[in-house]
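Close look at the chain arrangement
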Amino acid sequence: MGTPDFAVPALVRLCEDGHEVCGVFTRPDKPRGRGMKLTLTPVKEEALSRNIPVYQPAGFKNGQALELLRQLHPDIIIVVAYGCLLPENVLALPPYGCINLHASLLPKYRGAAPIQWSVINGESETGVTVMHMSAGLDEGDIIFSEAVKIESEDTGGTVHDKLMALGASLLSASMPDICSKNAPRIAQEGRLSTYAPRIQKSDALIDWNAPASHTRNLIRGMDPWPGAYTFISGKQIKFFAPLLLDGQYDLPAGTLISNVPAQGLAVCCGDGRGLLITQLQAEGGRRMNAGEYMRGHAIKEGVRFDSAGGIE
């Protein structure tokens, strides 16, 4: 059971390791892009390419999905970023249990968006966890976990890719113990748990009153999606690839403090430190180097970016 890109390497690895995948459950296809074309989930694409039956129930409330599972009679259910909570009657179905691959070092960052929040919150490391599933959200006993360092230049996207590969390898390494029913059961310490809720677009709005280090982490964590954004002349603009500047600036938060076409633009944050934005994406445009944008758009020094829809 899985839906996005993150789950694809796990499916591939299970197949390559010789496990018989009797079916794939993935979320319903959705319209995407400017043309709103109905798009297959990445896991569905991979499953179809391997001639694996695909099922896309809207949920488990009406009992039809449970009946499908009973007909498939799986020995084990592997869940990777499926996007739908499993009820207890599903968790109790397979004789070898339901196993989840989660993109954090549990019990930290339980929930839907652990990768992005770990970067936004300035963590120095994260990881992946293989766990026995329980009724509680990401609360089951841990089988194995493995850490990975979050480098200062990492983004939500680069950490995603690291954990995607690491997760498939860790799941593969865990399967012999799981299939022999010798997998460890390490209880999580609930008092150490943190929550990583699903990212909303409003979470990506830049608050220039925040310290520069916080804003830098926000921009990194929201890269590539949904993109941390602010406003200029009433239009949204997304910022990427930020660098902290040395020195202090006696300017209101959100003020443009330099205009350097070769590098980009610098903005003063709430603690008086500057943040150099080296890549950006204007509303309706493509992502580009900030210097390239600045050469075609005159933004005067002293302009103050606004987080509510304009500039002052």
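Residues numbered from 1 in each chain as written. Predicted model: local features only at pLDDT ≥ 70, side-chain atom pairs only at ≥ 80, totals over all residues. Heavy atoms only, no water.

1. Some thoughts on the overall build of the protein chain
Where we set the bar: Labels follow the DSSP assignment, with helices taken as runs of H or I lasting at least four residues and strands as runs of E lasting at least two, numbered in each case from the N terminus. Type-normalised accessible area, obtained with a 1.4 Å probe on protein chains alone, sets the label of each residue: buried when under 20%, exposed when over 50%, and partly exposed for intermediate values. Here, two residues are considered to be in contact whenever any of their heavy atoms come within 4.5 Å of each other. The method behind every accessible area is Shrake-Rupley, applied with a 1.4 Å probe, and residues are considered shielded solely by the protein chains displayed. Asp and Glu count as negative and Lys and Arg as positive, but His and the ends of the chain are not part of the count. Taken as the charge centre is NZ of Lys, CZ of Arg, CG of Asp or CD of Glu, depending on the residue.
In terms of helices and strands, the protein chain carries 8 helices and 14 strands. Residue burial in the protein chain is summarised as follows: out of 312 residues, 46% are buried. The contacts in the protein chain between residues at least 6 apart in sequence include a share of 65% that link residues at least 24 apart. Carbon and sulfur atoms provide 50% of the accessible area of the protein chain, an area that totals close to 15400 Å². Positive and negative side-chain charges of the protein chain, numbering 29 and 33 respectively, have mean locations separated by a distance of 5 Å.

2. Looking at unusual backbone geometry
The residue after L106, namely P107, is reached through a cis peptide bond having omega 15°. The amide bond that connects W225 to the next residue, P226, takes the cis arrangement and shows omega of 0°. If you trace the backbone, P226 turns up in the loop between α7 (212-221) and β9 (228-232). Here H73, not a glycine, exhibits a phi torsion of approximately 50°, which is positive. Counting through the fold element by element, H73 comes out in the loop between α3 (64-72) and β5 (77-80). Positive phi values are uncommon outside glycine, yet K181 reaches one of about 60°. The exposure class of K181 is exposed, given its relative accessible area of 56%.

3. A word on the layout of surface pockets
Let me state the cut-off plainly: Think of a 1 Å grid over just the protein atoms. A cavity is a set of points where a 1.4 Å probe fits yet cannot get out, a pocket is an open set with protein on both sides within 12 Å along at least five of seven lines, and lining residues have an atom within 4 Å of a point. Grid points are joined across faces, edges and corners, and a volume is the space filled by probe spheres set on the points. Each residue gets one of three labels, nonpolar for Ala, Val, Leu, Ile, Met, Phe, Trp, Tyr, Cys and Pro, charged for Asp, Glu, Lys and Arg, and polar for the others, Gly among them.
There is about 1800 Å³ of room inside the largest pocket. Residue composition of the lining of the largest pocket, grouped by class: 26 nonpolar, 14 polar and 9 charged. For the second largest pocket, the calculated volume is near 600 Å³. What lines the second largest pocket is a set of 26 residues, and nearest its centre among them are E20, V21, C22, I76 and I78. At the level of secondary structure, the elements contributing two or more residues to the lining of the second largest pocket comprise α1 (8-16), β1 (24-25), α3, β5 and α6 (156-179). Residues that form the lining of the second largest pocket fall into these classes: 20 nonpolar, 4 polar and 2 charged.

4. With respect to the nonpolar core
A general trend in soluble globular proteins is that nonpolar side chains are found buried together. To keep it simple, the criterion reads: We call a set of buried residues a nonpolar core when its members are Ala, Val, Leu, Ile, Met, Phe, Trp, Tyr or Cys and they connect through side-chain atoms within 4.5 Å of each other.
Counting 34 residues, the largest nonpolar core has W208, F239, L265 and L280 as its most contacted members. Only α5 (114-120), α7, β9, β10 (235-244), β12 (264-268), β13 (274-282) and α8 (290-296) provide two or more residues apiece to this core. With 4 residues, the top contributor of residues to this core is β9. In this structure L280 touches I237, K238, F239, F240, L265, R286, R287, M288, A290 and Y293, once residues within four positions along its chain are discounted.

5. Focus on the environment of L72
Inspection of the secondary structure puts L72 in helix α3. When the C-alpha positions of L72 and L86 are compared, they lie 16 Å apart, and in sequence the two are 14 residues distant. Setting aside residues no more than four positions away along its own chain, L72 makes contact with C22, F25 and Y55.

6. Describing the pairing of β10
Basically, it comes down to this: Pairing between strands requires that DSSP locate at least two bridges from one strand to the other.
Summarising the sheet, β9 and β10 pair through 5 bridges and their orientation is antiparallel. Paired with A228 across the bridge in β10 is F239. Between the end of β9 and the start of β10, which pair antiparallel, lie 2 residues, with S233 showing a positive phi angle near 50°. Relative to β13, β10 runs antiparallel, the two sharing 7 bridges. Its bridge partner being in β13, L244 is matched across the sheet by L275.

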